[in-house]
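Listed below are the residues making up each chain.
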Amino acid sequence: RGGNHGVGEVLVARTMSARWRFLMLLTRNVPKSAEFYRGGLGLTVTSLTETWAEIQVPGGTKLVLKQTDAEAMASTGYSPLITLDVDDLDDVVPNALQHGATLDGPIRHEPSGKAAALRSPCGHMIGLFETPTQQGAGAQK
(Lines give C-alpha, C1' and ligand atoms only; values in the text may rest on other atoms or scores of the structure.)
Protein backbone atom coordinates (compact mmCIF):
# COMPACT_ATOMS: atom_id res chain seq x y z
CA ARG A 1 0.00 0.00 0.00
CA GLY A 2 0.93 3.61 -0.41
CA GLY A 3 2.09 5.97 2.31
CA ASN A 4 -1.35 7.48 3.00
CA HIS A 5 -2.85 5.68 5.98
CA GLY A 6 -6.03 6.72 7.74
CA VAL A 7 -6.10 7.87 11.34
CA GLY A 8 -6.76 4.92 13.62
CA GLU A 9 -5.88 2.40 10.92
CA VAL A 10 -3.92 -0.59 12.19
CA LEU A 11 -0.70 -1.14 10.31
CA VAL A 12 0.31 -4.80 10.25
CA ALA A 13 4.01 -5.68 10.18
CA ARG A 14 5.40 -7.88 7.46
CA THR A 15 6.95 -11.20 8.48
CA MET A 16 10.32 -9.57 9.21
CA SER A 17 9.98 -7.70 12.48
CA ALA A 18 12.27 -5.49 14.50
CA ARG A 19 12.89 -6.23 18.15
CA TRP A 20 13.83 -3.72 20.83
CA ARG A 21 17.53 -3.97 21.66
CA PHE A 22 18.21 -0.92 23.85
CA LEU A 23 17.76 2.82 24.18
CA MET A 24 21.09 4.69 24.09
CA LEU A 25 21.62 8.08 25.69
CA LEU A 26 24.77 10.05 25.02
CA THR A 27 26.31 11.77 28.02
CA ARG A 28 29.50 13.53 29.02
CA ASN A 29 29.85 11.64 32.34
CA VAL A 30 28.77 7.99 32.28
CA PRO A 31 29.51 7.14 35.96
CA LYS A 32 27.58 10.22 37.20
CA SER A 33 24.63 9.43 34.90
CA ALA A 34 24.63 5.77 35.94
CA GLU A 35 24.57 6.76 39.62
CA PHE A 36 21.51 8.93 38.97
CA TYR A 37 19.59 6.07 37.34
CA ARG A 38 20.69 3.66 40.12
CA GLY A 39 20.39 5.87 43.17
CA GLY A 40 17.81 8.37 41.99
CA LEU A 41 15.42 6.05 40.16
CA GLY A 42 16.27 2.67 41.69
CA LEU A 43 17.26 0.95 38.43
CA THR A 44 19.90 -1.79 38.25
CA VAL A 45 23.25 -0.96 36.64
CA THR A 46 24.48 -4.23 35.10
CA SER A 47 27.69 -2.96 33.47
CA LEU A 48 29.74 0.18 34.08
CA THR A 49 32.96 1.63 32.68
CA GLU A 50 34.08 5.25 32.28
CA THR A 51 32.60 5.33 28.77
CA TRP A 52 29.68 2.82 28.78
CA ALA A 53 26.93 1.67 31.13
CA GLU A 54 24.07 -0.77 30.79
CA ILE A 55 21.01 -0.32 32.98
CA GLN A 56 18.17 -2.82 33.27
CA VAL A 57 14.68 -1.35 33.34
CA PRO A 58 11.84 -3.57 34.65
CA GLY A 59 9.86 -5.01 31.77
CA GLY A 60 12.91 -6.07 29.79
CA THR A 61 14.13 -2.76 28.38
CA LYS A 62 17.83 -1.96 28.51
CA LEU A 63 19.07 1.62 28.79
CA VAL A 64 22.62 2.24 27.58
CA LEU A 65 24.70 5.29 28.47
CA LYS A 66 27.59 6.13 26.15
CA GLN A 67 30.24 8.78 26.75
CA THR A 68 30.70 11.56 24.21
CA ASP A 69 32.68 14.78 24.22
CA ALA A 70 31.01 16.22 21.13
CA GLU A 71 28.83 19.17 22.10
CA ALA A 72 26.24 18.53 19.40
CA MET A 73 25.89 14.87 20.35
CA ALA A 74 25.55 15.60 24.07
CA SER A 75 23.01 18.41 23.62
CA THR A 76 19.59 17.62 24.98
CA GLY A 77 16.22 19.26 24.58
CA TYR A 78 12.88 17.61 25.18
CA SER A 79 13.69 14.55 23.12
CA PRO A 80 14.00 11.77 23.85
CA LEU A 81 11.55 11.76 26.72
CA ILE A 82 12.02 8.64 28.81
CA THR A 83 8.74 7.75 30.47
CA LEU A 84 8.56 5.46 33.50
CA ASP A 85 5.70 4.16 35.64
CA VAL A 86 6.46 4.36 39.35
CA ASP A 87 4.70 2.93 42.41
CA ASP A 88 5.10 6.01 44.62
CA LEU A 89 5.79 9.38 42.96
CA ASP A 90 6.07 11.06 46.37
CA ASP A 91 9.01 8.76 47.14
CA VAL A 92 10.74 8.72 43.73
CA VAL A 93 10.76 12.48 43.00
CA PRO A 94 12.61 13.60 46.17
CA ASN A 95 15.07 10.73 45.74
CA ALA A 96 15.73 11.73 42.11
CA LEU A 97 16.18 15.37 43.17
CA GLN A 98 18.73 14.31 45.81
CA HIS A 99 20.67 12.59 43.02
CA GLY A 100 20.87 15.71 40.86
CA ALA A 101 17.61 15.83 38.90
CA THR A 102 15.58 19.02 38.56
CA LEU A 103 11.82 19.33 38.22
CA ASP A 104 10.65 20.66 34.87
CA GLY A 105 7.37 22.17 36.02
CA PRO A 106 5.06 21.25 38.91
CA ILE A 107 3.90 17.77 39.84
CA ARG A 108 0.47 17.36 38.26
CA HIS A 109 -2.44 15.69 40.06
CA GLU A 110 -5.05 14.56 37.52
CA PRO A 111 -7.84 11.96 37.47
CA SER A 112 -5.56 9.70 35.41
CA GLY A 113 -2.88 9.87 38.12
CA LYS A 114 0.08 11.92 39.25
CA ALA A 115 2.80 13.00 36.84
CA ALA A 116 6.17 14.70 37.09
CA ALA A 117 8.70 15.78 34.49
CA LEU A 118 12.34 15.73 35.53
CA ARG A 119 15.59 16.58 33.86
CA SER A 120 18.41 14.19 34.75
CA PRO A 121 21.79 15.58 35.85
CA CYS A 122 23.00 15.14 32.26
CA GLY A 123 19.95 16.93 30.82
CA HIS A 124 17.78 14.04 29.62
CA MET A 125 14.02 14.42 30.12
CA ILE A 126 12.26 11.83 32.27
CA GLY A 127 8.51 11.57 32.72
CA LEU A 128 7.29 9.77 35.86
CA PHE A 129 3.70 8.52 36.18
CA GLU A 130 1.78 7.04 39.09
CA THR A 131 -1.63 5.75 38.04
CA PRO A 132 -4.58 5.60 40.49
CA THR A 133 -4.06 1.81 40.79
CA GLN A 134 -0.41 2.40 41.65
CA GLN A 135 -1.47 5.15 44.08
CA GLY A 136 -3.63 2.63 45.91
CA ALA A 137 -0.76 0.15 46.08
CA GLY A 138 1.64 2.82 47.31
CA ALA A 139 -0.79 3.93 50.03
CA GLN A 140 -0.78 0.44 51.59
CA LYS A 141 2.87 0.70 52.67
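Residues numbered from 1 in each chain as written. Predicted model: local features only at pLDDT ≥ 70, side-chain atom pairs only at ≥ 80, totals over all residues. Heavy atoms only, no water.

Draft legend 1. Quick peek at the nonpolar core. Core analysis: the biggest nonpolar cluster contains 24 residues, and Y37, L41, L65, I126 and L128 have the highest contact counts within it. Taken together, the elements giving at least two residues each to this core come down to α1 (30–40), β3 (52–57), β4 (61–67), β5 (81–85), α3 (89–98), β8 (113–119) and β9 (125–130). In this structure, L65 is in contact with L25, T27, V30, S33, A34, Y37, T51, W52, A53 and I55, ignoring residues within four places of it in sequence. (Core = buried A, V, L, I, M, F, W, Y, C linked by side-chain atoms within 4.5 Å. Buried < 20%, exposed > 50% of the residue type's maximum accessible area, 1.4 Å probe, protein only. Helix = DSSP H or I, 4+ residues; strand = E, 2+ residues; numbered from the N terminus. Contact = heavy atoms within 4.5 Å.)

Draft legend 2. Structural detail: the layout of surface pockets. Looking at the largest pocket, its volume works out to about 240 Å³. Surrounding the largest pocket, 15 residues form its lining, L41, L43, P58, D85 and V86 being those nearest its centre. Put simply, the parts of the chain that give the lining of the largest pocket at least two residues each are β3, β5 and α3. Of the residues contributing to the lining of the largest pocket, the split by class is 8 nonpolar, 3 polar and 4 charged. (1 Å grid on protein atoms, 1.4 Å probe; cavity = no way out; pocket = protein on both sides within 12 Å on 5 of 7 lines; lining within 4 Å. Points joined across faces, edges and corners; volume = space filled by probe spheres on them. Nonpolar A, V, L, I, M, F, W, Y, C, P; charged D, E, K, R; others polar.)

Draft legend 3. Region of interest: the environment of R38. With respect to the secondary-structure elements, R38 resides in helix α1. Apart from residues no more than four positions distant in its own chain, R38 is found in contact with L43 and V45. Side chain to side chain, R38 and E35 meet in a polar contact 2.7 Å long. (Polar contact = N/O pair within 3.5 Å; in protein donor to acceptor, adjacent residues only side chain to side chain.)

Draft legend 4. Expanded view of α1. V30, S33, A34, F36, Y37, G39 and G40 are the residues of α1 that are buried. Where α1 starts, the residue carrying a side-chain oxygen 2.9 Å from the main-chain nitrogen of K32 turns out to be N29. Count one or two residues on from α1 and you reach G42, which has phi positive near 75°.

Draft legend 5. Layout of the packing of aromatic side chains. Under the criterion given, the structure shown has 2 aromatic pairs. Aromatic side chains F22 and W52 sit 6.4 Å apart centroid to centroid with 85° between the ring planes, which places their arrangement in the edge-to-face category. Highlighted residues: F22 in the segment before β1 (23–27) and W52 in strand β3, separated in sequence by 30 residues. For F22, a relative accessible area of 29% corresponds to the partly exposed category. Arranged with centres 5.1 Å apart and planes meeting at 75°, the rings of F36 and Y37 form a pair that is edge-to-face. (Phe/Tyr/Trp six-rings, centres within 6.5 Å; stacked < 30°, edge-to-face > 60°.)

Draft legend 6. Highlighting the confidence of the model for the chain. Predicted confidence across the chain gives a mean pLDDT of 85, with 83% of residues reaching 70 or more. Here helix α4 (residues 132–139) is the element of the chain with the lowest mean pLDDT, 59, and strand β2 (residues 44–48) is the one with the highest, 97. (pLDDT = per-residue confidence, 0-100.)

Draft legend 7. A look at the sheet that holds β2. Here we have 4 strands laid out as an open sheet, ordered β1-β4-β3-β2, and mixed in their pairing. Sheet topology places β1 and β2 at the edges, where each strand pairs with a single neighbour. Taking each pair of neighbouring strands and ignoring which way they run, the sheet shows an average axis angle of 25°. Inspection of the sheet shows β1 paired to β4 by 5 bridges, in the parallel sense. Following the sheet pairing, L23 is matched in β4 by L63. Packing of α1 onto the sheet brings it into contact with β1, β2, β3 and β4, and relative to β4 it is tilted by some 155°. (Pairing = 2+ DSSP bridges. Axes fitted to C-alpha atoms, helices over the stretch in contact; angles between N-to-C directions.)

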